[in-house]
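The primary structure of each chain is shown beneath.
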Amino acid sequence: MKRLIEKVRSSEFLTLNEALKVKVSLVMIFLLIFGMMTVPISFFEDFALTIKIVVPLVFVALFSLTFLMLILDKSRLAMHFSIYTFLGLTVYYVGGSGQLYGYLLLFITLTVIIFYQDITTYILYGGVLTAYGLYYIQTDENLISTITDTIPQLGPIIYQSILIGFFVVYLIHFILTESMNEKLNEEYLKTQKANDIFRSYTLRYTSELEERDQITPIYERADFQESVRRISLLINAEMDKKIENLEEIIEYYFFLHKQNITSILEKNNASPTAIKYAEQFNNYLINKNNDLNTVLFEFIGLHKEGLKIKIKRYNQHLDEMFSNKTNRILGLAMIYKFLTTEITQFDKWGRVNKILSHQEVKNLLQSKLFRDFISYEDMNFFLQNEKLFKEHL
Amino acid sequence: MAPKTIGVADSEITKQVRKIEHDHLRTRTLFVNIILLLLIFPITSVLYLVEVALLDIVVYFLVFTFIIAINSSFYIYSHLLPNIKLSMYITTLGVYLLSVSLVLDIQSSSIFTVLFLSYAIISIYHDLKVAVMNSILLLVSGIFIVSQFPDIFEIAHTLSPSALYILAFLTIFVALLSISSFVLIKRKLHFYRQVAQIKEQEFKHMDIFFDLQEKYSGSKQNVDEYYNHLESFSKALSKAIGVENVFHERIRLLRQLKDSKEATLLNKYPDYNKADLEELKQLELSIYNKISFTALKAAQIERIQLKKKELLTEKNQPSLNQREDDLETKIIAFAVFYALLRIDKAFFRALSHKQIVKTIQSEEVRHLVDDKILDIFLKNDAEFDKATRDIALSRVKS
């Protein structure tokens, strides 16, 4: 329980699957409390004895199945089973004599579905449940003759309207959140990809520099390897469960730096242990653009100043960066000058050595993708004055 | 306490997170307003049908109008009324006031669930403080109605639902949705922060690239050449269009931005104000260099386009703590990581042990390392320092 609360508290760091697992666990706790609170009441309901016995049994079976799925790490299936359990309880109570419970249970079950924050699940199960609720209200005579309603038909209409309203409002909520997140996610992924490219340029430059200046790569330096060995052994000594052959594994890790990992993975005679470590270490080799270097760059990035500009810091479109045409033209000219002067790409030999030609820059400026930086108006300005750009910049 | 973020850009990240939040909140305010607008007619009609006094109906109408007007003002005049959260709080209180009044006026079990609808409308805001307010208001309103007006829940020919059970339903409803909101809002804020952070990381990545390029080529970006070419281009352009050269003074100012103080420049160029100078800094190359960052990113535009598949699949976040890795892999990955930070690299100088200890505890780095390994590191940090002293010292020799 303590671990579950801790996980909820730090839920922002969980993956989608881990977050779903936490949600299912929470729903199961609610389900247990709810079942214990309500299932015994069913014995006082106006049902046949068979139903009175079958319902608790089905509840226990579905609950156990959900639990089993959770243990087997099938969080999505567990989610579906927990929803089925609530749906079953709702249908059961709606058929009983405590209709208000049934009606309120419609909301609780919708809430459980909302809790999972999955739009498809919500539309599917939530839609079916809402439709069922509307049908039930329409056909239940007891709900029609509410005591205090002046107009007898008004009660069910209010019940139905609020149920539809509740469903629709949460649907809007879902769509709004999804569309906002989608846009941000796209921006995030694009920037992540750009960072990946800049990192690969840097790593490539590093290896070229080492080659040119005849510097021993870090992973080949004996003092570096010794430090890694000492730190690893230090950590291992403090662990409850010690790794027996750690030094051997470290040796294999450094050995992998000069190997082609794909060929190791494809080798038929390679041992499963060698393949396993090759797969895992591929993510942490010093000379590859992988998780190790991503985290390393993030870390050292925190100790670099980056950009000194504060105003309009994150704006990259010329229209957002500048408030007048004069500055925009200067901006466009400087971008052109930069692209035709500086190295910005890999060349055909995979070296960071390519400067774009005038024609390549022209194609780039005309590309639809470049509208993230300049407007159609700016592009037309460039085309009209292309000769001046080429001759003077 | 461990720092939230290390680095000079923290305030910029926070500002950017607030900006994203503010922009989203504006859109959400618009949707809440539309829903409220759509509710006026059905609610006043029901009130009319159950024969509520006309004056009371007018009051309902006025409260609705007031909330909508407040929301609209904050939405439209966001430059004059920047604190949009204020309209959110007013709307929350107003919606609950209307809901409780409706239950008391109509006095029927059917209208009780309008409280759930209110909860749903307010949760559109997706804000932590409002989520807490929403849950408390729903619970308090529910308890008040159930305890003070139990007759409302009587339905003919059925068993009388006990107040206790209705409260239990209400509690489960609130608890589930509150946890859901808590998880969701926390994830949302973390995501906003990640979006802002990755933008900062982009600057840092480009900065590292520029530094290494300079080291590799042995020459710096020729700033004077850039300005000279810009002068020549603007002169030819002005001539071609047949207008006065309006660029000349700006380029002169750009050249002076690196050496002169802002006040001196403002005195020297009375036609320019502080905002103009700030805007021009984006074109300056010696100190600010933003335009080079923009151009370098722009050059990669074709390679950073996303495929549909990339948008739909959830990628593991890069870390030294991947779930599927064995413990020995995590140990070696961390050992290599720490040793790499302690050694001089082509693209970055070694960090001191103190700097590493401080940064590793920050919120954005801590979760990238296995908890147990991090604990061991922090408990035995002096030993780690000792183990890497040789490679750390090698930079002095080189």
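Residues numbered from 1 in each chain as written. Chains lettered and ligands numbered in written order. Predicted model: local features only at pLDDT ≥ 70, side-chain atom pairs only at ≥ 80, totals over all residues. Heavy atoms only, no water.

K.L.:
Mind laying out the overall build of chain A, listing which residues take part and the relevant values?
P.N.:
Scanning chain A from N- to C-terminus turns up 18 helices and 2 strands. On the principal axes, the C-alpha backbone points of chain A span a range of 90 × 70 × 40 Å. When the 393 residues of chain A are sorted by exposure, 56% land in the buried category. Sequence separation of 24 or more characterises 56% of the internal contacts of chain A that already satisfy a separation of 6 or more. Accessible surface computed for chain A: about 18100 Å², of which carbon and sulfur atoms make up 57%. Charge separation in chain A, taken as the distance between the mean sites of 40 positive and 43 negative side-chain charges, equals 6 Å. (Helix = DSSP H or I, 4+ residues; strand = E, 2+ residues; numbered from the N terminus. Buried < 20%, exposed > 50% of the residue type's maximum accessible area, 1.4 Å probe, protein only. Contact = heavy atoms within 4.5 Å. Areas by Shrake-Rupley, 256 points an atom, 1.4 Å probe, with all protein chains shown as cover. Lys, Arg positive; Asp, Glu negative; His and termini not counted. Charge placed at Lys NZ, Arg CZ, Asp CG, Glu CD.)

K.L.:
Run through the overall build of chain B, naming residues and quoting values.
P.N.:
A tally of regular secondary structure across chain B gives 19 helices and 0 strands. In terms of C-alpha radius of gyration, chain B reaches 31 Å, well past the compact-globule figure of 21 Å for 398 residues. A buried classification covers 55% of the 398 residues belonging to chain B. Taking as baseline every contact in chain B between residues at least 6 positions apart, the subset at least 24 positions apart corresponds to 67%. Carbon together with sulfur atoms contributes 59% to the accessible area of chain B, which is approximately 18000 Å² in total. Taken as two groups, the 47 positive and 44 negative side-chain charges of chain B have centres that lie 5 Å from each other. (Rg over C-alpha atoms; globule rule 2.2 N^0.38 Å.)

K.L.:
Give me the lowdown on the interface of chain B and chain A, citing residues and values where you can.
P.N.:
Taken together, the contacts link 178 residues of chain B with 171 residues of chain A. Considering only the side of chain B, the residues that lose the most area to chain A are Phe169(B), His205(B) and Tyr216(B), jointly responsible for 5% of the buried surface there. Residue Arg313(A) is joined to Glu200(B) by a salt bridge in which the shortest nitrogen-to-oxygen separation is 2.5 Å. The interface formed by chain B and chain A includes 44 residue pairs in polar contact (both at pLDDT 80 or more). Looking at the side of chain B that touches chain A, the element that brings in the most residues is helix H7 (residues 163–217) of chain B, giving 40 residues. (Buried area = accessible area lost by both parts, 1.4 Å probe. Salt bridge = Lys/Arg side-chain N within 4 Å of Asp/Glu carboxyl O. Polar contact = N/O pair within 3.5 Å; in protein donor to acceptor, adjacent residues only side chain to side chain.)

K.L.:
Mind laying out the confidence of the model for chain B, listing which residues take part and the relevant values?
P.N.:
Residue and element names in this part refer to chain B. Per-residue confidence for chain B averages 87 on the pLDDT scale, and 94% of its residues sit at or above 70. Considering each helix and strand of chain B separately, the mean pLDDT is smallest for helix H19 (residues 389–397), with a value of 64, and largest for helix H14 (residues 327–342), with 95. Ignoring residues within four places in sequence, the model shows residues 1–6, a span with pLDDT below 50, making 20 contacts including any to other chains. Our summary of model confidence lists the complex with pTM equal to 0.82 and ipTM equal to 0.83. (pLDDT = per-residue confidence, 0-100.)

K.L.:
Go over the packing of helix H3 (residues 84–106) of chain B against helix H5 (residues 114–123) of chain B with me, naming the residues and quoting the values.
P.N.:
Residues and elements named next belong to chain B. Contact pair H3 / H5: the axes reach a minimum separation of 9 Å and the direction vectors enclose 170 degrees. Accordingly, the angle class assigned to the pair H3 and H5 is roughly antiparallel. Read as a crossing pair, H3 and H5 show a hand that is right-handed. Contact residues: Thr91, Thr92, Val95, Tyr96, Ser99, Val100, Leu102 and Val103 in H3; Val114, Leu115, Ser118, Tyr119 and Ile122 in H5. Considering only residue class, the contact of H3 with H5 consists of 9 nonpolar, 4 polar and no charged. (Axes fitted to C-alpha atoms, helices over the stretch in contact; angles between N-to-C directions. Parallel < 35°, antiparallel > 145°, perpendicular 65-115°, else oblique. Left-handed = near helix turned anticlockwise from the far one by under 90°. Nonpolar A, V, L, I, M, F, W, Y, C, P; charged D, E, K, R; others polar.)

K.L.:
Account for the layout of surface pockets, with residues named and values stated.
P.N.:
There is about 1000 Å³ of room inside the second largest pocket. Along the wall of the second largest pocket there are 33 residues; nearest its centre are Glu187(A), Tyr314(A), Glu320(A), Gln16(B) and Lys199(B). Among the elements of the structure, helix H8 (154–212) of chain A together with helix H1 (10–49) and H7 of chain B are those that each provide at least two residues to the lining of the second largest pocket. Class assignment of the residues belonging to the lining of the second largest pocket gives a composition of 9 nonpolar, 8 polar and 16 charged. (1 Å grid on protein atoms, 1.4 Å probe; cavity = no way out; pocket = protein on both sides within 12 Å on 5 of 7 lines; lining within 4 Å. Points joined across faces, edges and corners; volume = space filled by probe spheres on them.)

K.L.:
If you had to explain the environment of Lys239(B) to someone new, which residues and values would you point to?
P.N.:
Residues and elements named next belong to chain B. Tracing the sequence through the fold places Lys239 in helix H8 (residues 223–241). For Lys239, a relative accessible area of 73% translates into the label exposed. Distance in space between the C-alpha atoms of Lys239 and Ile136 is 70 Å, their sequence separation being 103 residues.

K.L.:
I'd love a proper account of the environment of Lys390(A), names of residues and values included.
P.N.:
Its location among the elements puts Lys390(A) in helix H18 (residues 386–392). Contact partners of Lys390(A), with chain neighbours within four places excluded, come to Tyr336(A) and His358(A).

K.L.:
Tell me about the nonpolar core, residues and numbers included.
P.N.:
Phe224(A), Tyr253(A), Phe370(A), Phe334(B) and Phe337(B) are the most contacted members of the largest nonpolar core, which totals 144 residues. Ranked by the residues each element gives to this core, the list is headed by H7(B), at 12 residues. Among the nonpolar cores identified, the runner-up in size contains 115 residues, and Val55(A), Tyr136(A), Leu154(A) and Val146(B) belong to it. (Core = buried A, V, L, I, M, F, W, Y, C linked by side-chain atoms within 4.5 Å.)

K.L.:
So what's going on with the packing of aromatic side chains? Residues and values would help.
P.N.:
Residues and elements named next belong to chain A. Inspection of every chain in the model, using the stated rule, returns 44 aromatic pairs over all chains. An angle of 35 degrees between the planes, with centres 4.9 Å apart, marks the rings of Tyr122 and Phe174 as tilted. Here Tyr122 is found in helix H6 (residues 119–139), whereas its partner Phe174 is found in helix H8, with 52 residues between them in sequence. The pair formed by Tyr122 and Phe174 is uniform in burial state, with each residue classed as buried. Ring geometry for Tyr201 against Phe346: centres 4.9 Å apart, planes inclined by 80 degrees, an arrangement best described as edge-to-face. With Tyr201 in helix H8 and Phe346 in strand S1 (residues 345–346), the pair connects residues that are 145 residues apart, well separated along the chain. When its relative accessible area of 0% is taken as the criterion, Tyr201 is described as buried. Assessed through its relative accessible area of 24%, Phe346 is described here as partly exposed. Of note, Arg371 hangs over the ring of Tyr376, and the distance from its end group to the ring centre comes to 4.9 Å. (Phe/Tyr/Trp six-rings, centres within 6.5 Å; stacked < 30°, edge-to-face > 60°. Lys NZ or Arg CZ within 6 Å of the ring centre and 35° of its normal.)

K.L.:
Break down unusual backbone geometry for me, citing the residues and quoting the values.
P.N.:
Residues and elements named next belong to chain A. A positive phi angle, near 55 degrees, is found at Gln117, a position not held by glycine. Here Gln117 lies in the loop between helix H5 (99–115) and H6. For Gln117, a relative accessible area of 22% gives the class partly exposed. In this model, Gln214 sits at a positive phi of 50 degrees, which is unusual for a non-glycine residue. With respect to the helices, strands and loops of the structure, Gln214 is situated in the loop between H8 and helix H9 (222–238).

K.L.:
Please provide a residue-by-residue account of the pattern of salt bridges, values included.
P.N.:
Pairing between side chains of opposite charge can happen when the charged atoms of each approach one another. Applying the stated criterion across every chain, the model contains 37 salt bridges over all chains. The network of salt bridges with shared partners includes Asp319(A), Lys325(A), Arg328(A), Glu377(A) and Asp378(A).

K.L.:
How would you sum up the packing of helix H10 (residues 246–256) of chain A against helix H12 (residues 272–281) of chain A? Please name residues and give values.
P.N.:
All names here are of chain A. Between H10 and H12, whose axes approach to 10 Å, the crossing angle comes to 60 degrees. When the axis of H10 is compared with that of H12, the two are oblique. Crossing of H10 against H12: the hand is right-handed. Only Ala274, Tyr277, Ala278 and Phe281 of H12 make contact with H10, whose side of the interface consists of Ile249, Tyr252, Tyr253 and Leu256. Of the residues contributing to the contact of H10 with H12, the split by class is 8 nonpolar, no polar and no charged.

K.L.:
Help me get a handle on empty space enclosed by the protein, residues and values and all.
P.N.:
Residues and elements named next belong to chain B. A full pass over the atoms with the stated rule returns 6 cavities of 30 Å³ or more. Computed from the structure, the largest cavity encloses a volume of approximately 110 Å³. If you trace the largest cavity, you find it lined by Leu36, Leu39, Ile43, Phe64, Val95, Leu98, Ser99, Leu102, Val114, Leu117, Ser118 and Ile121. For the lining of the largest cavity, the elements supplying multiple residues, two or more each, are H1, H3 and H5. When the residues that make up the lining of the largest cavity are grouped by side-chain class, the tally is 10 nonpolar, 2 polar and no charged. Computed from the structure, the second largest cavity encloses a volume of approximately 60 Å³.

K.L.:
Requested: an account of a nonpolar patch on the surface, with residues and values cited.
P.N.:
Together, Leu54(B), Val58(B), Phe61(B) and Leu62(B) give the surface a local cluster of nonpolar side chains, amounting to about 390 Å² of exposed area. Within the secondary structure layout, Val58(B) lies in helix H2 (residues 54–76). (Patch = residues over 30% accessible without salt bridge, like charges linked within 9 Å, V, L, I, M, F, W, Y side chains within 5 Å.)

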